[in-house]
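Fold and contact review
Below are the chains, spelled out letter by letter.
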Protein chains: 2
Amino acid sequence: MPASPIRKLVPFAEEAKKKGRKVYHLNIGQPDIKTPEVARDAVKNMPDLVIEYSHSAGNESYRHKLAAFYQGIGIDVDHTEMLVTTGGSEAISFALMSTVNPDEEVIVPEPFYANYNGFSVAAGVKVVPITSDINSGFALPPIEEFEKVITSKTRGIIICNPNNPTGYLYSQEEIEALGEIVKKHDIYLFSDEVYREFCYDGEKHFSAMDLEGLEEHVVMFDSVSKRYSMCGVRIGTLVSKNKEVISTALKFAQARLSPPSYGQVAGEAALDTPPSYFEEVYSEYIERRNFMVEALNKIPGVICPTPRGAFYTVVHLPVDDADRFSQWILSDFDYNNQTVMMAPASGFYSTPGLGKQEVRIAYVLKKEDLVHAMETLAEALKVYPGRTE
Amino acid sequence: MPASPIRKLVPFAEEAKKKGRKVYHLNIGQPDIKTPEVARDAVKNMPDLVIEYSHSAGNESYRHKLAAFYQGIGIDVDHTEMLVTTGGSEAISFALMSTVNPDEEVIVPEPFYANYNGFSVAAGVKVVPITSDINSGFALPPIEEFEKVITSKTRGIIICNPNNPTGYLYSQEEIEALGEIVKKHDIYLFSDEVYREFCYDGEKHFSAMDLEGLEEHVVMFDSVSKRYSMCGVRIGTLVSKNKEVISTALKFAQARLSPPSYGQVAGEAALDTPPSYFEEVYSEYIERRNFMVEALNKIPGVICPTPRGAFYTVVHLPVDDADRFSQWILSDFDYNNQTVMMAPASGFYSTPGLGKQEVRIAYVLKKEDLVHAMETLAEALKVYPGRTE
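Computed from a predicted model, the values in this text were never measured in an experiment.

Attention now goes to the overall build of chain A. If you tally the helices and strands in chain A, you get twelve helices and twelve strands. Here chain A has a C-alpha radius of gyration of 21 Å; the compact-globule value for 389 residues is 21 Å, and the two agree. If one aligns the C-alpha atoms of chain A with their principal axes, the spans along those axes are about 60 × 55 × 40 Å. Expressed as a percentage of its 389 residues, the buried residues of chain A come to 61%. Of the contacts made within chain A by residues no fewer than 6 positions apart, 76% connect residues no fewer than 24 positions apart.

Residue and element names in this part refer to chain A. Two elements, strand β3 (residues 105-110) and strand β4 (residues 126-131), share six bridges in a ladder whose sense is parallel. Each residue of the ladder has a partner; that of Glu110, found in β4, is Thr131. The parallel pair β3 and β4 is bridged by helix α5 (residues 115-123), and the resulting crossover is right-handed.

All names here are of chain B. If you trace the backbone, Leu140 turns up in the loop between β4 (126-131) and α6 (143-149). Classification of Leu140 as buried rests on a relative accessible area of 12%. Along the sequence, Leu140 and Glu110 sit 30 residues apart, while their C-alpha atoms lie 9.6 Å from each other. Ignoring anything within four residues of it in the chain, the contact list for Leu140 reads Pro109, Phe146, Tyr168, Tyr170, Glu174 and Leu178.

Take the packing of helix α3 (residues 60-72) of chain A against helix α9 (residues 261-270) of chain A next. All names here are of chain A. Packing of α3 against α9 leaves a shortest axis separation of 10 Å and a crossing angle of 30°. As the angle between them shows, α3 and α9 are arranged roughly parallel. Judged by the twist between their axes, the crossing of α3 over α9 is left-handed. Where α3 approaches α9, its residues Ser61, Tyr62 and Lys65 are matched on the opposing element by Gln264, Gly267 and Glu268. Here the residues of the contact of α3 with α9 sort into one nonpolar, three polar and two charged.

Moving on: the sheet that holds strand β11 (residues 343-344) of chain A. Think of a sheet as strands paired side by side through backbone hydrogen bonds, with each pair either parallel or antiparallel. All names here are of chain A. Strands sit in the order β9-β12-β11 across an open sheet of three strands; the sheet is antiparallel. With partners counted over all chains shown, the strands left at the sheet margins are β9 (312-316) and β11, one partner each. Note: β11 against strand β12 (residues 358-362), two bridges, orientation antiparallel. From the neighbouring strand, Ala343 faces β12, where its bridge partner is Arg360.

Another aspect to go through is helix α12 (residues 367-383) of chain B. All names here are of chain B. The first and last C-alpha atoms of α12 sit 25 Å apart over 17 residues, in line with the 24 Å expected at 1.5 Å per residue. Of all the residues in α12, the buried ones are Asp369, Leu370, Ala373, Met374, Thr376, Leu377, Ala378, Ala380 and Leu381. On the buried face of α12, the contacting elements are β1 (22-25), α10 (275-298), α11 (322-331), β10 (338-341) and β12 (358-362).

Take unusual backbone geometry next. Omega for the peptide link from B:Glu110 to B:Pro111 comes to 0°, which places this bond in the cis form. With respect to the secondary-structure elements, B:Pro111 resides in the loop between β3 (105-110) and α5 (115-123). Phi at A:Arg234 takes a positive value of approximately 60°, unusual for a residue other than glycine. The topology assignment puts A:Arg234 in the loop between β7 (218-223) and β8 (236-240). For A:Arg234, a relative accessible area of 2% translates into the label buried. Of note in this structure, A:Ala310 is not a glycine but carries a positive phi near 55°. Counting through the fold element by element, A:Ala310 comes out in the loop between α10 (275-298) and β9.

You can overlay chain A on chain B at an RMSD of 0.0 Å; the transform is a turn of 180° with a shift of 0.0 Å along its axis. Taken together, the rotation angle and the small translation identify this as a two-fold axis. When each C-alpha of chain A is compared by its distance to the rotation axis, A:Lys44 comes out closest, at 2.1 Å. A shared interface surface links the copies, since 100% of the contact residues of chain A are contact residues in chain B too.

The next thing to look at is the packing of aromatic side chains. Residues and elements named next belong to chain A. Under the definition given, this model contains 43 aromatic pairs over all chains. Counting every residue linked through ring pairs, the aromatic cluster contains Tyr195, Phe198, Tyr285, Phe311, Tyr312 and Tyr363. The side chain of Arg288 reaches across the aromatic face of Tyr285, ending 5.3 Å from its centre.

On to the packing of helix α11 (residues 322-331) of chain A against helix α12 (residues 367-383) of chain A. A packed helix pair is summarised by two numbers, namely the angle formed by the two axes and the spacing between the axes. Residues and elements named next belong to chain A. Following both chains from N to C, one finds α11 and α12 inclined at 110°, their axes separated by 11 Å at the closest point. By the angle between their directions, the pair α11 and α12 is classed as roughly perpendicular. Residues Phe325, Trp328 and Ile329 of α11 form the contact with α12, whose own contacting residues are Leu377, Ala380, Leu381 and Val383. Looking at the contact of α11 with α12 residue by residue, the class counts come to seven nonpolar, no polar and no charged.

Moving on, we come to the confidence of the model for chain A. When pLDDT is averaged along chain A, the result is 96; 99% of the residues meet or exceed 70. If you check the scores for this complex, the pTM reads 0.94 and the ipTM reads 0.92.

What counts and how
Each chain has its residues counted from 1, running along the sequence as written. Ligands are numbered from 1 and chains lettered from A, in the order in which they are written. Totals for whole chains, interfaces and linings use every residue, but because this is a predicted model, local features are given only for residues with pLDDT of at least 70 and side-chain atom pairs only at 80 or more, for both listing and counting. To obtain the side-chain values, all non-hydrogen atoms of the structure were included, while hydrogens and water were left out. Here a helix means four or more residues in a row that DSSP labels H or I, a strand means two or more in a row labelled E, and each is numbered from the N terminus. In this treatment the radius of gyration is a C-alpha quantity, and the globule benchmark scales as 2.2 Å times the residue count to the 0.38 power. Each residue is placed in one exposure class: buried if its accessible area under a 1.4 Å probe, protein chains only, is under 20% of its type's maximum, exposed if it is over 50%, and partly exposed if it falls in between. By definition in these notes, contact holds between two residues if any of their heavy atoms fall within 4.5 Å. Two strands pair under a simple rule: DSSP has to find at least two bridges between them. Classification remark: right-handed applies to a crossover when, strands pointing away from the viewer, the course from the first strand over the helix to the second runs clockwise. To define axes, lines are fitted to C-alpha atoms, for helices over the stretch in contact only, and angles between the resulting N-to-C directions are given on a 0 to 180 degree scale. Angle categories are assigned with fixed cut-offs, so that under 35 degrees is roughly parallel, over 145 is roughly antiparallel, 65 to 115 is roughly perpendicular, and the rest are oblique. Helix crossings get a hand from a simple test, with the near helix turned counterclockwise from the far one by less than a right angle marking a left-handed crossing and a clockwise turn marking a right-handed one. Each residue receives one of three labels: charged for Asp, Glu, Lys and Arg, nonpolar for Ala, Val, Leu, Ile, Met, Phe, Trp, Tyr, Cys and Pro, and polar for the others, Gly being one of them. What a helix should span is 1.5 Å times the count of its residues minus one. A least-squares fit on C-alpha atoms brings the copies together, and the residues used are those whose pLDDT is at least 70 in both copies. Note on aromatic contacts: the rings of Phe and Tyr and the six-membered ring of Trp form a pair at centre separations within 6.5 Å, being stacked when their planes are under 30 degrees apart, edge-to-face when over 60 apart, and tilted otherwise. Geometrically, a charge over a ring is one whose NZ (Lys) or CZ (Arg) sits within 6 Å of the ring centre while staying within 35 degrees of the ring normal. Confidence of the predictor in every single residue is expressed as pLDDT, which spans 0 to 100.

Next up, the structure:
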């Protein structure tokens, strides 16, 4: 695996910090939101004297409670139709290893979460991209584009909804269109729904799990990382009504023995997080998003679609090369001793050359910091030598 | 991956429990020893309000302290020569994926830890077994046996020292002999040392990391699971002075984002576990081992070598088929309403047909329970219809 464009920037960010500059991290999906107290307290109060292995599929009590949670949001599954995984990451790995043979293919709309590539490489699976476009706000590409690349080697389609990196929220119609093509070709629909709870402007999330007649085809990835701002506990879920997928994935789960015990305790307790927590989080993100989208679109030459979900946006910048600009702003620029770190979008495209004028920005910082970060970005674009428009 | 012989027994054990029978679990490596208080307290007192991702290689503070720990036991590594992994399991996966291509081979003395097979299957790697023998106490097979199976596809040798499942502790001479062959053929020596702290009878552990001139060849797996009886925290280490191995493994580590935060806090604090803890643990295991080996060898037809390390032993039983016997004792037998669950050794051999008269027994139960378990096993062997000797 080649180093991603964002990782190449790390030494430049470190160098900037050594020079005493404040670096605003717009590059990562690590929210600054507090983990719910109920989850942290459950870990503090864990009575166990021996921190033992759990069931390879995850604690049964947790799976029962998770099933109730999913049923509460309209996803009809029971505790046998899921595995607790070590982060959403492991759910993706297990799903690919359980369903796709080496040299077979999965189709993914690009730009996409860069780690889909990493897990595919590890499983020997080839990623076939379908390009979505900033001018449509990164909506699902026309379904004919999928038809064009489906071959006898295609085993599935991966979507992330709401989307990382674009913030796009797929409509029920788009998910249904995917469901039809998946059924027609008898392949899988892998639906990464870890940002499900982050939908804005009154839009409703439609889960791929709710596609009728697609029970054997849909595999959902979920995680507590974003929902409860506890990325470090490393707890996710692999969900499917396809019993063969679950039983094959369980074998991989047994090989790694069990998911983390402390994290499962935190995850189970987090299901009791009061609604007020989510209301606060929602208000916080909406305020950040609204501020950021407006601030970005005010900068001459910058185009920022309004993301309806997650906490990212992919932005067009008037620059020759977003990789170069992202490095330059860290190494050669400061505004009042501040600078910003962004994720060049080239790392989210699998088609070479795409995303050259785009970056992903995560709005996981408090508004005060976002204000400074946006000012800094605007000033940088005024003086960047490779400005194009 | 086929279901392992031990997993096939699970429903029979559940059935026995439903009948009200006490089932002694000699089948698993989950110790009943308490996790050190200093580790549990560190988690309880963790001040963080946001449980964040850590560095993909693990917290730097933890790696520094781990390096000091290794230096203290004569293994000369620094914090850049290791990655913190999600259990020892992930260290094995990352090492294989980083060094062995699909269709290449690794040689493993059998019987071996069954999950080496699982991780190899996942990485597309072929396991080539070399058989060790109960009559030599499962010592390292003659080095000529390794020479015989080394081909252009061989990328390394995996050893587990002290050994799971046999309890055999490799001598310095054996490790050095492996070092020579590894150097001669320019392959890797993967040394699983998760049971390092469990060496008995005054025997010293010799780490493969201490082989001179083999710095580029040796990759060590380690874990806090057994050392501190905290299997559930899922924290291990991948250690190598080979910078390319570490940097390739880091890419896999970055794809899964980070190891568990709570576990790392427990692991770091556990390094301050007082020596008295280990003295107690040592006394406990020695007493259990001595009792068990004596009790087993007293049963007519049973042969149990004296294990010098870990907390397992592979035992010869006078039965037609240990898989069948292990199932029968759960389903058709009880002694004073008690029965035992053992791991049929067939699951630890990769050569078909081997281990038919052997089981692995873990002495992770308190002595009082071991007494009942050994009595039960002795009585069962008196009446088992498939008895052979």
